[in-house]
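# Per-entry structural report
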Amino acid sequence: MSGNRDHDASRRYHEATRHSRESVRASSHGLDWSNKPEPFKIYPDLPVTPLPRDFPVPTMDALAAISGEVDAAAPLDLERLAALLFFSAGVTRRQTYPGGGVMYFRAAPSTGALFQTEVYVVAGGVTGLAAGVYHFSPGDFALRQLRAGDFRGALAIAAADEDLASRPAVLALTAIYWRNTWKYQARGYRHLFWDSGTMLANLLAAATALALPARAVAGFVDLEVNGLLAVDPEKEGALLLAPVGGPAGFAPSPPVIATIAPPVIPLSESEVDYPLLRDAYANSALDSEAEVMAWREAAWRSARPPAGVLVPLPTPRPSAGRPLADTILARGSTREFSGAAIGAEELSTALWHATRGGQADVPSGLVDLYLTVHAVEGIEPGAYAYHPAAHTLELLKRGDFRQEAAYLCLEQALGGMSSSTVFFLADLDVLLETYGNRGYRLANLEAGLIGGRLYLGAYAQRFGATGLTFYDRDVIAFFSPHAAGREAIFVTALGRSVKTSAHALLLNPSPPSGERAG
Ligand SMILES: Cc1cc2nc3c(=O)[nH]c(=O)nc-3n(C[C@H](O)[C@H](O)[C@H](O)COP(=O)(O)O)c2cc1C
């Protein structure tokens, strides 16, 4: 039996990594720019398969893609796979700074622009791609082959889900810890899931728009998946699997998984180890197929209905007239909100499409959405709880809470100048009881997924969004008594940007030719 059931471990982690006014002021952590991790994982010796740059562009309406489903699956070929990778994890913008530093911005947002989420492809039925295990290199838009052969069956065993062996490919999202802990130290564990969640939002929407069924699988034997991907388990861990494509016949029995350790270019001259983070990951690992199955069954028994006094929202728009590709390419985190209002229909639409759930091996609804409404036409300013099933807001208190909201978001003006700021909260006792420590992963992941969908829903409707961090306990105090007993998980602010930025969009990114971000 793994340590997943000892859920004091998640509590201890959560307590130890809370932000408060005092902890932020007392922190002596500075950023060592000379030791900043490289933005890309580079395997110098592996065979390269360049990805086609003339991939199909997902033109489906963005809102339909976020919350829709695939009726008739298209075959998964290398071009579609390239599109899926580009719109989930590709380099969409490049920014050069005085002094020559280059930042590679990506399709999905990521805490501190550190982009620690890596993508691997376990392919067996992709037209134009030999069966194998590949790492996706966003820098030169290529796949690098870690293993030759069809290993989908190994993932099906690790996830106790034979469906994975019948999909043409399974994407595996991992995180390289140091890339985030360089800035955020042990709190970065939370970010691993927020950021894989925002990437998952893009991935599921892009898959839908490309007529590829896809879903998220959060339950698997971590050790087996990490072994297959040949990641150094002290430094990088698998976070989730995403089978992609329509059913296409079962994979043969998987080949023996040899231990391999392909050389990787070091990210930094030296790395700092954060045992708190590694322990949080290890304590939420599942150790056997039987444990994965039991874990998943317990999850489905526990889905919770919403409750409360409800105030309806306007009917959400089914489409926004903006294709998904345009939406993803236009997306960027808003750096300054003007304070101007968005419409009630716009807020309603963003919330509705972001919270439709589904497409996962465990139920959604693990995080509760609380909002401060600052400037939404037709909705009184105040604090609210959102009920996704009934698609309604519950008024908690009336008032102009711009100042309070900015304070709650680590004293960042973005949190108060938004039109509305969405706080994700979770009842950790219930979650940890049901899912063990892996419930902590799930809550952060689901908040990241909904946050990522809010970004897409906002940009589809031509307003802005940004993820934000927060003072943990103050958030709960603000929304209490309603929120009493819950914990703060994540924040996304929505509103109108001061400027509509003209990003240099890189639909066909050229290789970074050895340049490294500063
Ligand atoms: C989970 C998450 C948390 C974030 N937290 C903050 C934050 O606290 N403050 C902030 O200014 N931006 C925050 N951001 C925005 C990131 O800095 C931004 O995504 C990153 O710089 C990449 O830029 P882009 O989103 O414009 O592509 C956050 C983004 C995400 C996805």
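For the structure itself, consult the block above.
Below is a short write-up of the structure.

Cut-off values and rules
- Here, residues in each chain are numbered from 1, in the same order as that chain's written sequence.
- In keeping with the predicted nature of the model, local features appear solely for residues at pLDDT of at least 70, side-chain atom pairs appear and are counted solely at 80 or more, and the whole-chain, interface and lining totals rest on all residues.
- Neither water nor hydrogens contribute to the side-chain values; these are computed over all heavy atoms in the structure.
- We define a salt bridge as a side-chain nitrogen of Lys or Arg found within 4 Å of a carboxyl oxygen belonging to Asp or Glu.
- Strands here mean DSSP runs of E at least two residues long; helices mean DSSP runs of H or I at least four residues long; both are numbered from the N terminus.
- The buried label applies to any residue whose accessible area, calculated with a 1.4 Å probe on protein chains only, is under 20% of its type's maximum; exposed applies above 50%, and partly exposed to all values in between.
- Nearness is defined per residue: one heavy atom within 4 Å of the molecule or strand is enough.
- Under this definition, polar contacts are N or O atom pairs within 3.5 Å; protein pairs additionally need one hydrogen-donor-capable and one acceptor-capable atom, and for neighbouring residues in sequence, both atoms have to be side-chain atoms.
- All accessible areas in this document rest on Shrake-Rupley with a 1.4 Å probe, and a residue is counted as covered only by the protein chains that are shown.
- Under the scheme applied, nonpolar residues are Ala, Val, Leu, Ile, Met, Phe, Trp, Tyr, Cys and Pro; charged residues are Asp, Glu, Lys and Arg; polar residues are all the others, including Gly.
- Either an automatic procedure or a domain database provided the assignment from which the domain bounds are taken.
- Each Phe, Tyr or Trp ring, with Trp reduced to its six-membered ring, pairs with another whose centre is within 6.5 Å; inter-plane angles below 30 degrees give stacked pairs, above 60 give edge-to-face pairs, and intermediate values give tilted ones.
- Here, a charge over a ring means that NZ of Lys or CZ of Arg falls within 6 Å of the ring centre while also lying within 35 degrees of the ring normal.
- Between any two strands, at least two bridges found by DSSP are needed for them to pair.
- For helices, the fitted axis covers only the stretch in contact; all axes are lines through C-alpha atoms, and the angles between them, taken along N-to-C directions, range from 0 to 180 degrees.
- Each crossing is labelled by how the near helix is turned from the far one, with a counterclockwise turn of less than a right angle marking it left-handed and a clockwise turn marking it right-handed.
- Any two residues whose heavy atoms approach within 4.5 Å at even a single point are treated as in contact.
- Working definition of a nonpolar core: buried Ala, Val, Leu, Ile, Met, Phe, Trp, Tyr and Cys residues. They are joined through side-chain atoms within 4.5 Å.

## Things to note about the pattern of salt bridges
- Tallied over the full model, the rule gives 25 salt bridges.
- The residue Glu487 makes a salt bridge to Arg11 at a minimum N-O spacing of 3.0 Å. Of this pair, Glu487 sits in strand β17 (residues 487-495) while Arg11 sits in helix α1 (residues 8-16), and the two are 476 residues apart along the sequence.
- Exposure remark for Glu487: the relative accessible area of 9% places this residue in the buried category.
- Taken together, the shared-partner salt bridges in this structure form one network comprising Arg11, Glu15, Arg18, Asp429, Arg473 and Glu487.

## Points about the site of the ligand
- Taken together, 23 residues lie near the ligand, and Arg93, Arg331, Ser333, Arg335 and Gln412 sit nearest.
- Residue Gly467 places a main-chain N or O atom 3.2 Å away from a nitrogen atom belonging to the ligand.
- Contact distances for the ligand include 3.0 Å between an oxygen atom and a backbone N or O atom of Thr469.
- Look at the ligand: alone it shows 620 Å² of surface, and the protein chains cover 89% of it.
- Listing elements by their share of the shell around the ligand, those giving two or more residues are α7 (188-209) and β16 (464-468).
- Here the residues of the shell around the ligand are counted per class, giving 9 nonpolar, 10 polar and 4 charged.
- Three or more residues apiece are contributed to the shell around the ligand by two domains, here domain 1 (3-301) and domain 2 (311-495).

## Here we look at the packing of aromatic side chains
- Applying the stated rule across the entire model yields 22 aromatic pairs.
- Pairing Tyr189 with Tyr440 gives two aromatic rings, centres 6.3 Å apart and planes at 15°, and the pair type is stacked. Of this pair, Tyr189 sits in helix α7 while Tyr440 sits in helix α16 (residues 438-460); the two residues are 251 residues apart in sequence, bridging distant segments of the chain. Accessibility assignment for this pair places Tyr189 and Tyr440 in one class, buried.
- Feature note: the residues Phe55, Phe86, Phe87, Phe136 and Phe141 constitute an aromatic cluster, connected by ring pairs.
- Positioned over the ring face of Phe470 is Arg187, at 4.8 Å from the centre of the ring.
- The ring of Phe220 carries the charged tip of Arg438 above its face, separated from the ring centre by 4.8 Å.

## A closer look at the pairing of strand β6 (residues 142-148)
- Of all 7 residues in β6, 6 are buried, a share of seventy percent or more.
- Note that strand β1 (residues 48-50) and β6 share 3 bridges and pair antiparallel. Directly across from Thr49, in β6, lies its bridge partner Leu143.
- Two strands pair when backbone bridges link them, and strand β5 (residues 132-137) and β6 are joined in this way by 6 bridges, in the antiparallel orientation. Considered in β6, the bridge of Phe136 is made with Leu143.
- Where β5 hands over to β6, the hairpin turn is made up of 4 residues, of which Phe141 adopts a positive phi near 50°.

## Points about the packing of α1 against helix α15 (residues 428-435)
- Axis separation between α1 and α15 bottoms out at 10 Å; the angle between their running directions is 145°. The way α1 lies across α15 gives a crossing that is right-handed. Counted together, Ser10, Arg11 and His14 of α1 and Leu428, Asp429 and Leu432 of α15 form the full contact between these two elements.
- Residue classes in the contact of α1 with α15 are distributed as 2 nonpolar, 2 polar and 2 charged.

## Concerning the sheet that holds β17
- Taken in spatial order, the 7 strands line up as β9-β14-β13-β11-β15-β17-β16 in an open sheet, and their pairing is antiparallel. Either end of the sheet is taken by a strand with one partner, and the two such strands are β9 (311-312) and β16.
- Across 2 bridges, β9 lies against strand β14 (residues 392-398) in antiparallel orientation. Residue pairing across strands places Val311 opposite Leu393, the latter belonging to β14.
- Along the sheet, helix α12 (residues 344-354) makes contact with β11 (368-373), β13 (382-387), β14, β15 (420-426) and β17, crossing β11 at roughly 165°.

## Quick word on the nonpolar core
- Among the nonpolar cores identified, the biggest contains 158 residues, and Leu81, Leu143, Leu171, Leu241 and Phe424 are the most heavily contacted of them.
- Counting contributing residues per domain, this core is built from domain 1 (3-301) and domain 2 (311-495), each supplying no fewer than three.
- Beyond its immediate chain neighbours, meaning those up to four positions away, Leu171 contacts Leu81, Leu84, Leu85, Val119, Tyr120, Val121, Leu203, Leu240, Leu241, Ala242 and Val244.
- Leu114, Ile176, Trp182 and Leu267 belong to the second-largest nonpolar core, a separate cluster that totals 5 residues.

By themselves these figures say nothing about function.
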